[in-house]
Amino acid sequence: MATIEEALEIERLERDIFRGAITKSQLPRTFGGQVAGQALVSAVRTVEPRYEVHSLHGYFLRPGNPAERTVYLVERIRDGRSFCTRRVTGVQDGEAIFTMSASFHVGDEGPEHQDVMPDVPLPEDIPDELSTMSSEQIWLMREWEHWDIRLVPQDQVSRRDGLASQQQVWFRYRNPLPDDPLFHVCTLAYMSDMTLLGSSKVTHHDEPTQDASLDHAMWFLRPFRADEWLLYDQNSPSASFGRALTSGRIFNQRGEFVAQVVQEGLIRKLRD
């Protein structure tokens, strides 16, 4: 299947118009993380190198066709001394399938604090997911065969009182990636859509539902590498009316809080 370099590949058609590559996929619709990642790469190509991505907010408007290229239209909303903002619209067949705002910051000095990383088993102490999956699950996970994803067993999850549904996942890209920090940010934007909605199904694992990402927000807090182990500490504070709200804190193995993700997804009952 496609490497992350292939999945995030885009070509420039015009000053602020880009087109994403088609990658081999087993999915019936384009993976949301790929659309978000390509949109962010497009935005990055329109800002000066001194700016770094600090947040993005996106909406998945229509399912994408994985057999068709997505065109990304970038709007330069603001260019300031410390911040700049871009709006990106992903288009297929003349219709918007995704829209995103991304904000960039040059970085400043100020007070510092962070949450403490949960006390969970080390990734090396959890079997590689591929070694414990059924043949059907392995077929699906071939879509992300370049990722090492290790789900913390529910009886070993570090739980916080009052949370309705929790899940913790270790993940990393299996092969070394380029040193460019922005590439790791775009790689994490791709990966962040994976497994997060599953945190809403922990307490409803036996209920068949139609699942899809609806909107997605990320904040990048500290430098990290996506080819080193990252802990995705996920929870779902609410599910109702066929939608679930999910949240994820991402830490590196040194305990540094590197990113925060919030997503709402569709988890409605299957229709006849």
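Definitions and limits used
Residues numbered from 1 in each chain as written. Predicted model: local features only at pLDDT ≥ 70, side-chain atom pairs only at ≥ 80, totals over all residues. Heavy atoms only, no water. UniProt positions renumbered as here; feature names shortened; annotations may be inferred. Axes fitted to C-alpha atoms, helices over the stretch in contact; angles between N-to-C directions. Helix = DSSP H or I, 4+ residues; strand = E, 2+ residues; numbered from the N terminus. Parallel < 35°, antiparallel > 145°, perpendicular 65-115°, else oblique. Left-handed = near helix turned anticlockwise from the far one by under 90°. Contact = heavy atoms within 4.5 Å. Nonpolar A, V, L, I, M, F, W, Y, C, P; charged D, E, K, R; others polar. Core = buried A, V, L, I, M, F, W, Y, C linked by side-chain atoms within 4.5 Å. Buried < 20%, exposed > 50% of the residue type's maximum accessible area, 1.4 Å probe, protein only. 1 Å grid on protein atoms, 1.4 Å probe; cavity = no way out; pocket = protein on both sides within 12 Å on 5 of 7 lines; lining within 4 Å. Points joined across faces, edges and corners; volume = space filled by probe spheres on them. Domains from an automatic or database assignment. Buried area = accessible area lost by both parts, 1.4 Å probe. Salt bridge = Lys/Arg side-chain N within 4 Å of Asp/Glu carboxyl O. Polar contact = N/O pair within 3.5 Å; in protein donor to acceptor, adjacent residues only side chain to side chain. Pairing = 2+ DSSP bridges.

An unreviewed UniProt entry lists the protein chain under the name Acyl-CoA thioesterase 2, with Nocardia vermiculata as the source organism. UniProt annotates the protein chain under Subunit (unreviewed entry) with the comment "Homotetramer." As stated in UniProt under Sequence similarities (unreviewed entry), the record for the protein chain gives "Belongs to the C/M/P thioester hydrolase family."

Caption draft 1: Up close: the packing of helix α2 (residues 32-44) against helix α5 (residues 181-191). Contact geometry for α2 and α5: axes closest at 7 Å, N-to-C directions at 155°. The orientation of α2 relative to α5 falls into the category roughly antiparallel. The way α2 lies across α5 gives a crossing that is right-handed. Seen from α2, the contacting residues are Gly33, Gln34, Gly37, Leu40, Val41 and Val44; seen from α5, they are Leu182, Val185, Cys186, Ala189 and Tyr190. Across the contact of α2 with α5, the residue classes tally to 8 nonpolar, 3 polar and no charged.

Caption draft 2: Molecular detail of the nonpolar core. Counting residues in each nonpolar core, the largest one holds 56 residues, and the members touching the most others are Ile4, Leu40, Phe104, Trp147, Leu188 and Tyr190. Considering each element in turn, this core owes the most residues, 8 residues, to α5. When near neighbours in sequence (up to four residues on either side) are disregarded, Leu188 contacts Phe171, Met218, Phe220, Phe224, Leu230, Ile250 and Ala259. Core analysis: the second largest hydrophobic core is formed by 7 residues, Ile126, Val157, Trp229 and Leu231 among them.

Caption draft 3: Inspection of the UniProt feature "domain: Acyl-CoA thioesterase 2 C-terminal" (unreviewed entry) in the protein chain at higher detail. Sequence positions flagged by UniProt for "domain: Acyl-CoA thioesterase 2 C-terminal" (unreviewed entry) are, in local numbering, residues 163-266. Between the C-alpha atoms that bound residues 163-266 there is a distance of 20 Å. The span itself is 11% helix and 49% strand.

Caption draft 4: Highlighting empty space enclosed by the protein. One pass over the structure, following the stated rule, counts 3 cavities of 30 Å³ or more. Considering only enclosed or pocket space, the largest cavity measures out at about 180 Å³ in volume. Along its surface, the largest cavity is lined by 24 residues, and Ala21, Thr23, Thr30, Phe31 and Gln34 are the ones closest to its centre. The residue inventory of the lining of the largest cavity, partitioned by class, reads 10 nonpolar, 9 polar and 5 charged. What lines the second largest cavity is simply Ala2, Thr3, Ile4, Ala7, Glu143, Trp144, Glu145, His146, Trp147, Tyr173 and Tyr190. For the lining of the second largest cavity, the two domains that each supply at least three residues are domain 1 (1-107) and domain 2 (122-271).

Caption draft 5: Representation of the domain arrangement of the protein chain within the structure. In terms of domain boundaries, the protein chain breaks down into domain 1 (1-107) and domain 2 (122-271). Centre-to-centre, using C-alpha coordinates, domain 1 lies 21 Å away from domain 2. At the junction of the two partners, domain 1 supplies 30 residues and domain 2 supplies 30 residues. Here domain 1 packs against domain 2, burying approximately 2,600 Å² in sum over the two surfaces, 64% of which is carbon and sulfur. Summed over the shared surface of domain 1 and domain 2, the number is 0 salt bridges. Run the count over domain 1 and domain 2 and you get 11 residue pairs in polar contact (both at pLDDT 80 or more). If you list the elements that add at least two residues to the side of domain 1 that touches domain 2, you get α1 (4-7), α2 and β3 (52-60).

Caption draft 6: A look at the pairing of β3. Strand direction decides the pairing type here: β3 and strand β6 (residues 95-105), joined by 8 bridges, are antiparallel. Across the sheet, the residue bridging to Val53 is Phe104, located in β6. As defined by bridge partners, β3 adjoins strand β9 (residues 209-220) across 5 bridges and the pair is classed as antiparallel. When the sheet's bridge partners are listed, Tyr59 is paired in β9 with Asp215.

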